[in-house]
Amino acid sequence: MDVTLKVWRQDGPDAPGRFETIQVPDVSEHMSLLEMLDVVNDRLTVAGEEPIAFDSDCREGICGMCGMMVNGHAHGPQQGTATCQLHMRKFKDGDTITIEPWRAEAFPVVRDLVVDRSPFDRIIEAGGYISVRTGAPRDANIQLVPKPAADWSMDAAACIGCGACVAACPNGAAQLFTAAKIAHLNLLPQGQPERWQRVEAMVDEMEKYFGSCTNHGECEEACPKSISLDFIALMNRDYIKAKFKNRRLAAQRG
Amino acid sequence: MITLESHVPDGPIQEKWTKHRFDIKLVNPANKRKFKIIVVGTGLAGASAAATFGELGYNVEVFTFHDSPRRAHSIAAQGGINAAKNYPNDGDSIFRLFYDTVKGGDYRSREANVYRLAEVSNEIIDQCVAQGVPFAREYGGLLANRSFGGALVSRTFYARGQTGQQLLLGAYQALLRQVHEGKVKLHTRKDVLDLVTHEGRAVGIVVRDLLTGELTSHSAHAVVLATGGYANVYYLSTNAMNSNATAIWRAHRRGAAFANPCFVQIHPTCIPQSEEFQSKLTLMSESLRNDGRIWVPKDPNDTRPPQQIPEEDRDYYLERRYPAFGNLVPRDVASRAAKQMIDEGRGVGPLKNGVYLDFSDAIARLGKQAIEERYGNLFEMYERITDENPYEVPMRIYPAPHYTMGGLWVDYDLQSTVPGLFVLGEANFSDHGANRLGASALMQGLADGYFVIPYTIGNYLAPMLGTQPLPTDHEAFVRTEADVMARIRHVLEVDGSRSAAWFHKELGKIMIQHVGMARSEEGLTEAISQIRALRDEFHRDMKVLGTNESFNQALANALRVWDFFELAELMAIDALHRRESCGGHFRLESQTEDGEALRDDEHFSYVAAWEFKDVGDWELHKEPLEFEYVALSQRSYK
Ligand SMILES: Cc1cc2nc3c(=O)[nH]c(=O)nc-3n(C[C@H](O)[C@H](O)[C@H](O)COP(=O)(O)OP(=O)(O)OC[C@H]3O[C@@H](n4cnc5c(N)ncnc54)[C@H](O)[C@@H]3O)c2cc1C
Ligand code: SF4
Ligand code: FES
């Protein structure tokens, strides 16, 4: 099949960007979208033009490195799919495909389709862990974890940190990511001792970078791992409780 | 001149590690912060090491070329992680895990290291659970286990199909806790392009900022490489696109011996290549072999769709040849058998490059729902990629390069032949011999990072108390930076006609054909001359556009391909010299009458550690392997 690519080109963080139109003949429907871009890049290089910069690594939907807006959808139109798992058979001969980087204030463009998602790491640094030292723990089976808790925690832990939720959100909010990260730990017995500090610290850190949530729900639609909005509700509830509890704890320490 | 001293402690194998830990020099807690350690890599091995060093109070700097530590290739591991917990009470023990690993590695690993790995395996699970890794659980709340990769006991812990991601998140979170506390400094999107040595010791690294192209030098008391494996030398592999050999290769060029480079694991259950443009091969978890049956048509010219081929016209070749293990033979055996079928022209699929993995019997026996519960996400992944529904049509699978058992040579302390340079995880050669068992790479990465290096590095550091790291304006750094700059300039100046990726792909074809699943004197000799010729062409004809001073992915890639070309030659040389078959290394000249791998313990029971002299010129050193606890025997799965 033949397709027309309208792709965002931007030489650097401060350079102005533009759409470039590239004709791509002879695309196989078995290619992934990123393999199609590989082919385009090879052709561009041979023709003496700089290839299109885009991030990817595992190419099987787990590392969270890839991600772009495809025809206005974060990771493309297919539900529950990262960009690297999107195949050309989902498009038709003659289609025009528009590709842009994540658009979010907190994720500045590095080049072309590559953005800087490091604020996600800052949120984890603020409290996205359980504070145990290497070598200190006791036998893993001493503490029983009810299967539903483990399963629910696992549902949240499936987040791959790709940032599609932020890109899809009209406000550029990171609630879904942050909520998933908090829920992963807060739903487990091991996570209880730091539960309240964790939620407060992570939410406060998030607010330094990202917009606020107005319950559009676009994030869940865009998420390649179908992370549920329920986790946001859980986070909000815990956050309010935490504000109260942490203040009380501080007063006791006072 | 390199000497290989394994530094394995004396005493019975069960006591070596305990005794050694006692003998290791301790660094006073107040002095730890005076020691600076560089860690390269944030996969399971690197992240766990850096986090633990930070907790202990060392002054740590950690580097990754990824944009976040969480993206390291470890994230992609699906199946699980082994430990000798014996929770299912099915007869497992540290000794059995040790025994299975030595035997599975076809007797080409160091017994003492493997024993230690088995010994610390249990602590890994404790550690990960405490960190909040959501492992699968039974209804009573206990941890669940399964059997994996043909093991006769259920010792594998798992987290849905995302064990690697969950373990890495645990280590990444521990690492970021230390970053938050100011104990570890994190450098992302930094490509480590060379090791700096001075008076024969590792003193630092040269780093290129992938965003700006800026080169900087960093010095430390010790350098730890945890940069992963090199299976991407084949271009098409199950590894992530950016996995590469540069850090270990450059360290090799600076004096670190490279051990058993030809030991590569080719994994039997991957989705076959569909066309020329393909960028990587996708692994389908080995657990599929628990319920799927592997077959090809008896008649190479059979063009019927698989469902219409009756039982009597199918050849379930693994069940036929290995009645005891059937479809669950080890990876190397399953891979080789598939290759034989395809070489006989009995491959299936449009390119005749696959074999069937058929679930129809299992579905008939257990019901579709049971199969969906076990493998639903894998079936979905398969359908997404191939557009075929494996509930109705048998899957097509084919072996793909997956894991590299070879790597930088290390002693019992995980120190390379360059003092002060330590190597962890898939980047070293240590524990898997000539073939790795399923679910044991994650175990090794975390064992090295959490439980081995934090102790063993003390032996090297303690005597250095009071010394400062070499200043980075020292000549050793200036010279190395200039070397790196010269490489960058060369890549940009060639201005030939083909991308580096194109050359990489061509290199991969040579490697898979001649240094893949079946190797021969003739093929390997041919490979060496083809690699050399293509490498010359690469240096004359590559085309890399743009500048150094920008985010330039093609430039970063070309530097990696350069190193793959040199490593490829050493792999072929190593494979040529080892005139025996063992594990994943199959020499056509060394097989039994019925076509099984034939080891030659009399001549090859050693680790081959190569010293770099020049490209095309390596000197072989041998570390003899002795087996005191696991009797040498020819593996048999019949
Ligand atoms: C698809 C797949 C599935 C697997 N499944 C399993 C399984 O179920 N069980 C199991 O036990 N094993 C499995 N393995 C193997 C296992 O995942 C790996 O062997 C292991 O994760 C390697 O970990 P590592 O820490 O050594 O390296 P990696 O995770 O590869 O990390 C390497 C790190 O080094 C950094 N790095 C590398 N070079 C440089 C450089 N020059 N400069 C800066 N940074 C650099 C990278 O950025 C990265 O952070 C699987 C492998 C694959 C490919
Ligand atoms: S919540 Fe979903 S969309 Fe957001 S970062 Fe995680 S995986 Fe990506
Ligand atoms: S490249 Fe890893 S998720 Fe897409």
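Being a predicted model, the structure only gives us computed values, none of them experimental.

A closer look at the overall build of chain B
Stage number 1. A count of helical and extended segments in chain B gives 17 helices and 19 strands.
Stage number 2. A compact globule built from 638 residues would reach a C-alpha radius of gyration of about 26 Å, and chain B, at 24 Å, matches this within 12%.
Stage number 3. Its C-alpha atoms give chain B principal-axis dimensions of roughly 75 × 60 × 50 Å.
Stage number 4. Within chain B, contacts between residues separated by at least 24 positions form 74% of all contacts whose residues are at least 6 apart in sequence.
Stage number 5. Accessible surface for chain B amounts to roughly 21300 Å². Of this, 49% is attributable to carbon and sulfur atoms.
Stage number 6. For chain B, the distance from the average position of its 69 positive side-chain charges to the average position of its 83 negative side-chain charges is 3 Å.

Things to note about the domain arrangement of chain A
How big an interface is tends to be stated in terms of accessible area lost as the parts join.
Residue and element names in this part refer to chain A.
Stage number 1. Taken as a whole, chain A is organised into domain 1 (3-111) and domain 2 (117-253).
Stage number 2. Taken over C-alpha atoms, the centre of domain 1 sits 30 Å from the centre of domain 2.
Stage number 3. Here domain 1 is connected to domain 2 by 0 salt bridges.
Stage number 4. For the interface between domain 1 and domain 2, the tally reads 4 residue pairs in polar contact (both at pLDDT 80 or more).
Stage number 5. Among the residues making up the side of domain 1 that touches domain 2, the classes are represented as 11 nonpolar, 6 polar and 2 charged.

What about the site of ligand 1?
Residue and element names in this part refer to chain B.
Stage number 1. The immediate surroundings of ligand 1 are formed by 37 residues, with H66, S74, G79, E426 and L442 found nearest.
Stage number 2. One of the backbone nitrogen or oxygen atoms of G79 is found 2.8 Å away from an oxygen atom of ligand 1.
Stage number 3. Here ligand 1 loses 98% of its free accessible area of 1000 Å² to cover by the protein chains.
Stage number 4. Contributing elements (two or more residues each) for the shell around ligand 1: α3 (44-56), β6 (190-198), β15 (395-404) and α12 (441-461).

Things to note about the sheet that holds strand β4 (residues 73-74) of chain A
Residues and elements named next belong to chain A.
Stage number 1. Pairing in this open sheet of 5 strands is mixed, and the strands run β2-β1-β5-β3-β4 from one edge to the other. The open sheet terminates on both sides in strands that have one partner only, identified here as β2 (17-24) and β4.
Stage number 2. Where strand β3 (residues 69-70) meets strand β5 (residues 96-100), 2 bridges bridge the pair, whose relative direction is antiparallel. For V70, the partnering residue across the bridge sits in β5 and is I99.

Section: the packing of helix α14 (residues 500-514) of chain B against helix α16 (residues 553-577) of chain B
Residues and elements named next belong to chain B.
Stage number 1. Relative orientation of the contacting elements α14 and α16 amounts to 20 degrees, with a least axis distance of 9 Å. One element, α14, and the other, α16, form an angle in the roughly parallel class. When the axes of α14 and α16 are compared, the crossing they make is left-handed. Facing α14, whose interface residues are A500, A501, F503, H504, L507 and M511, α16 presents N557, A558, V561, F564, F565, A568 and M571.
Stage number 2. Of the residues belonging to the contact of α14 with α16, the class tally is 11 nonpolar, 2 polar and no charged.

A look at the interface of chain B and chain A
Stage number 1. If you look at the interface, chain B gives 74 residues, while chain A gives 76 residues.
Stage number 2. Summing the contributions of chain B and of chain A, the shared interface buries around 6200 Å²; its carbon and sulfur component is 52%.
Stage number 3. Our count for the contact surface shared by chain B and chain A stands at 6 salt bridges.
Stage number 4. Two residues, B:D387 and A:R89, come together in a salt bridge whose shortest N-O distance is 3.8 Å.
Stage number 5. Where chain B meets chain A, there are 45 residue pairs in polar contact (both at pLDDT 80 or more).
Stage number 6. Taken together, the elements giving at least two residues each to the side of chain B that touches chain A come down to α3, α5 (111-131), α6 (163-180), α11 (368-386), α12, α14 and α16 of chain B.
Stage number 7. Element by element, the count of residues in the side of chain B that touches chain A is highest for α6(B), at 9 residues.
Stage number 8. By residue class, the composition of the side of chain B that touches chain A is 31 nonpolar, 26 polar and 17 charged.

Focus on the site of ligand 2
Residue and element names in this part refer to chain A.
Stage number 1. Surveying the vicinity of ligand 2 reveals 13 residues, the closest of which are C159, C162, G163, C165 and C223.
Stage number 2. Contributing elements (two or more residues each) for the shell around ligand 2: α4 (164-168) and α5 (175-186).
Stage number 3. Of the residues contributing to the shell around ligand 2, the split by class is 11 nonpolar, 2 polar and no charged.

Calculation criteria
- Residues numbered from 1 in each chain as written.
- Chains lettered and ligands numbered in written order.
- Predicted model: local features only at pLDDT ≥ 70, side-chain atom pairs only at ≥ 80, totals over all residues.
- Heavy atoms only, no water.
- Helix = DSSP H or I, 4+ residues; strand = E, 2+ residues; numbered from the N terminus.
- Rg over C-alpha atoms; globule rule 2.2 N^0.38 Å.
- Contact = heavy atoms within 4.5 Å.
- Areas by Shrake-Rupley, 256 points an atom, 1.4 Å probe, with all protein chains shown as cover.
- Lys, Arg positive; Asp, Glu negative; His and termini not counted.
- Charge placed at Lys NZ, Arg CZ, Asp CG, Glu CD.
- Domains from an automatic or database assignment.
- Salt bridge = Lys/Arg side-chain N within 4 Å of Asp/Glu carboxyl O.
- Polar contact = N/O pair within 3.5 Å; in protein donor to acceptor, adjacent residues only side chain to side chain.
- Nonpolar A, V, L, I, M, F, W, Y, C, P; charged D, E, K, R; others polar.
- Near = heavy atom within 4 Å.
- Pairing = 2+ DSSP bridges.
- Axes fitted to C-alpha atoms, helices over the stretch in contact; angles between N-to-C directions.
- Parallel < 35°, antiparallel > 145°, perpendicular 65-115°, else oblique.
- Left-handed = near helix turned anticlockwise from the far one by under 90°.
- Buried area = accessible area lost by both parts, 1.4 Å probe.

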